[in-house]
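A closer look at the structure
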Amino acid sequence: MQPTYRPFPQQAPQRSPAAAASRRGIGPMISGAHPQQQLTAAQHSAQQKVAENAIARAKARSIKPVDKNIPEGVEDCVIGDGVQRYRDLRELERKLDSTMMRKRLDIQDSVNRNVKRYRTLRLFVSNTVEDQPWQADTLDVDAFDFSTNMDSSYRVKIEGRLLDEADDGLESDDSDDEDDAMDEDGKEEKKTAKPPTKLYKLSHFFKAMTVDFDRNKSKDGADQSVEWKKPAVAPNTANLPNAADFDQLEFKRGGDENVNITINLVRDENPERFQLSPVLADILDTNVATRAEAIMGIWEYVTAMGLQEEDEKRTFECDDRLRALIGREKGYIPHVPDALIPHMTPLAPVKLPYTIRVDKEFHENPQPTIYDVQVQVDDPLKASLAAYLTNPVYATNLREIVEHDRHLATLVQAIMLSKSKHQFFEALSRSPSDFIAKWLSSQKRDLEVVSGEAPRGGGEDASGDEWRRGGQNSIWASENVKQSVKLMVGPRVKV
């Protein structure tokens, strides 16, 4: 505080006499604990019982033996090599557990990865006609009016069927090996039955469809546009609505002339793939990628080119390609997703041109127009791996193994107690007088330790008799000794 500072004299705050009468709103808060509702005797008793049960369960868990390793020196007390064989089995069990856990984690990682495979979706586009002029049976050739008073129309049908893996022509990693596999007798080995694949329908692969006509209006002025959008459904829904679960789509329009149309199919992919800009495609060496693949590709490019800074690994120097992508001299890894948004656009819809034929010559022997479209499906192995991870037999076997381990730990503890008894009686048999003297001094020292009265460096003299006396007033009846002895002898379990 400066020496020239003069504190301003403060006065007690004054309150207007009318303040209490004009006060509005919430009253002042009162300090202290909030009042709690009083418990009834039954509720209080139930809470105490729950607490006692929790303490009992904790004590039961604490006294359960967990050590399954045979103590050192047991092999000197038994006949044969059983101890060494048991240790070899323990080492084999450790390796087996490690291998199984590593494989299970690999399977879990494979299930979590979004692995896709490409399959061929074959689309059949055809049309039928109704009430066309050449289909009329009665036509008066002598009349000037050749109208038949019929509304000519046509019906377009779009069907989709996912080809089998053997028919789609796509290469498979294990197809050649299975075809060439022969046994020693020259007979072809039986192929293992493949798990049933999930049945995908046409609506699974697309989320919207539109049909563009060469003529927007029909001859009677009706709108010719066709549009379908998949309704929003929850993921992994078992029962899909009819509007989102079909293999065939039809629409009917009026007309008596051939019309060219374009069927636009918008893909429904998860995760969604995007069309990359030329700048980003030059870095990733691909034209189509998901958002996660693009971000990971940028990270791998920065790492491979050694553009990371030594002090801050999240910051990197921009070369010519990255400078054209980001627009600055230095980049920051957390800002890469935002920088990629302008360079990623949704994929263009699949366009299928088709001519609606209504003439008689075509419908004498109609043939559908066929298109093959490559679509993404989940890896069929993913369902099998997920079923393996959720197999209830694994949980049952695990509980059985835990029970065996618990019994084994109890046996090992019994062996440890037997070894202690063996050592006790063996030392007693060698020199009874010296052993008894040392044992009495050790017992006195232990008593002083558990009672909290042990002097530093003392306890070796066992001449006094105060520690030998029993009864209510003895040292053995003190609370410290009771608790210490209870902890020392509590974990011992009889077999």
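All of these numbers come straight from a predicted model, not from anything done at the bench.

1. Some details on the nonpolar core
By size, the foremost hydrophobic cluster in this structure holds 32 residues, and its most contacted members are Met209, Phe213, Ile261 and Ile263. Setting aside its immediate chain neighbours within four residues, Ile261 contacts Val211, Asp212, Phe213, Phe251, Leu352, Pro353, Tyr354 and Ile356. Core analysis: the second largest hydrophobic core is formed by 19 residues, Ala281, Ala294, Tyr301 and Leu340 among them.

2. With respect to unusual backbone geometry
In this structure, the amide linkage connecting Asn270 to the following residue, Pro271, adopts the cis form with an omega of 0 degrees. Within the secondary structure layout, Pro271 lies in the loop between strand S6 (259–267) and strand S7 (273–276). The phi torsion at Asp131 lies on the positive side, around 55 degrees, for a residue other than glycine. Looking at the secondary structure, you find Asp131 in the loop between strand S1 (116–130) and strand S2 (153–162). Since its relative accessible area comes to 37%, Asp131 is described here as partly exposed. The phi dihedral of Asp285 is positive, around 60 degrees, even though this residue is not glycine. Of the residues examined, Asp285 reaches a relative accessible area of 72% and is grouped as exposed.

3. Overview of the sheet that holds S6
Note on sheets: strands pair through backbone hydrogen bonds, and any given pair is parallel or antiparallel. Across the sheet, 4 strands lie side by side as S4-S3-S6-S12; this open sheet has antiparallel pairing. Edge positions in the sheet fall to strand S4 (226–229) and strand S12 (350–356), since each of these pairs with one other strand and no more. Adjacent strand axes in the sheet meet at a mean angle of 15 degrees when their direction is disregarded. Where strand S3 (residues 206–213) and S6 come together, 7 bridges link them in antiparallel fashion. Looking across to S6, one finds that Met209 is bridged to Leu265.

4. Thoughts on empty space enclosed by the protein
Using the criterion set out here, one finds 1 cavity of 30 Å³ or more in the structure. A volume near 70 Å³ is recorded for the largest cavity. What lines the largest cavity is simply Ile158, Leu202, Ser203, Phe206, Met209, Trp228, Phe246, Leu249 and Leu265. Elements with a contribution of two residues or more to the lining of the largest cavity: helix H4 (202–205) and S3. Counted by class, the lining of the largest cavity contains 8 nonpolar, 1 polar and no charged residues.

5. Comments concerning the sheet that holds S1
Read across the open sheet, the 4 strands follow the order S5-S2-S1-S13; overall the sheet is antiparallel. With partners counted over all chains shown, the strands left at the sheet margins are strand S5 (248–254) and strand S13 (369–378), one partner each. Neighbour-to-neighbour, the strand axes of the sheet open up by a mean angle of 20 degrees, direction not taken into account. Relative to S13, S1 runs antiparallel, the two sharing 10 bridges.

6. Re the packing of aromatic side chains
Inspection of every chain in the model, using the stated rule, returns 5 aromatic pairs. When the centroid spacing of 6.4 Å and the interplanar angle of 80 degrees are considered together, the rings of Phe213 and Phe251 count as edge-to-face. One end of the pair, Phe213, is in strand S3; the other, Phe251, is in strand S5, with 38 residues separating them in the sequence. Phe251 carries the same exposure label as Phe213, and that label is buried. Note on Phe424 and Phe425: the rings are 5.4 Å apart at their centroids and 85 degrees apart in plane angle, and the pair reads as edge-to-face. Overall, Phe424 belongs to the partly exposed group, its relative accessible area being 32%. Put simply, the rings of Phe424, Phe425 and Phe435 touch in pairs and so form one group of aromatic residues.

7. A few points about the side chain of Ser153
The topology assignment puts Ser153 in strand S2. In this structure Ser153 touches Val129, Glu130, Gln132, Lys252, Arg253, Gly254 and Gly255, once residues within four positions along its chain are discounted.

8. Considering the confidence of the model for the protein chain
On average, the protein chain scores 78 in pLDDT, and the residues at 70 or more come to 72%. Considering only residues more than four positions removed or in separate chains, one finds that residues 16–22, a stretch of pLDDT under 50, has 1 contact.

9. Remarks on the pattern of salt bridges
Oppositely charged side chains can form a pair if their charged atoms are brought close together. In this structure the tally under the stated criterion is 26 salt bridges. Where Arg94 meets Glu91, a salt bridge forms, and the shortest distance between an N and an O atom there is 2.4 Å. Residue Arg94 and its partner Glu91 are both found in helix H2 (residues 82–112); the two are separated by 3 residues, about one turn of the helix. By relative accessible area, which is 49% here, Arg94 ends up partly exposed. Note that Asp359 is salt-bridged to Arg357, the shortest N-O span being 2.8 Å. With relative accessibility at 28%, the residue Arg357 sits in the partly exposed group. What emerges from the salt-bridge pattern is a single network uniting Glu130, Arg155, Glu250 and Lys252.

The rules behind the values
- Residues numbered from 1 in each chain as written.
- Predicted model: local features only at pLDDT ≥ 70, side-chain atom pairs only at ≥ 80, totals over all residues.
- Heavy atoms only, no water.
- Core = buried A, V, L, I, M, F, W, Y, C linked by side-chain atoms within 4.5 Å.
- Buried < 20%, exposed > 50% of the residue type's maximum accessible area, 1.4 Å probe, protein only.
- Contact = heavy atoms within 4.5 Å.
- Helix = DSSP H or I, 4+ residues; strand = E, 2+ residues; numbered from the N terminus.
- Pairing = 2+ DSSP bridges.
- Axes fitted to C-alpha atoms, helices over the stretch in contact; angles between N-to-C directions.
- 1 Å grid on protein atoms, 1.4 Å probe; cavity = no way out; pocket = protein on both sides within 12 Å on 5 of 7 lines; lining within 4 Å.
- Points joined across faces, edges and corners; volume = space filled by probe spheres on them.
- Nonpolar A, V, L, I, M, F, W, Y, C, P; charged D, E, K, R; others polar.
- Phe/Tyr/Trp six-rings, centres within 6.5 Å; stacked < 30°, edge-to-face > 60°.
- pLDDT = per-residue confidence, 0-100.
- Salt bridge = Lys/Arg side-chain N within 4 Å of Asp/Glu carboxyl O.

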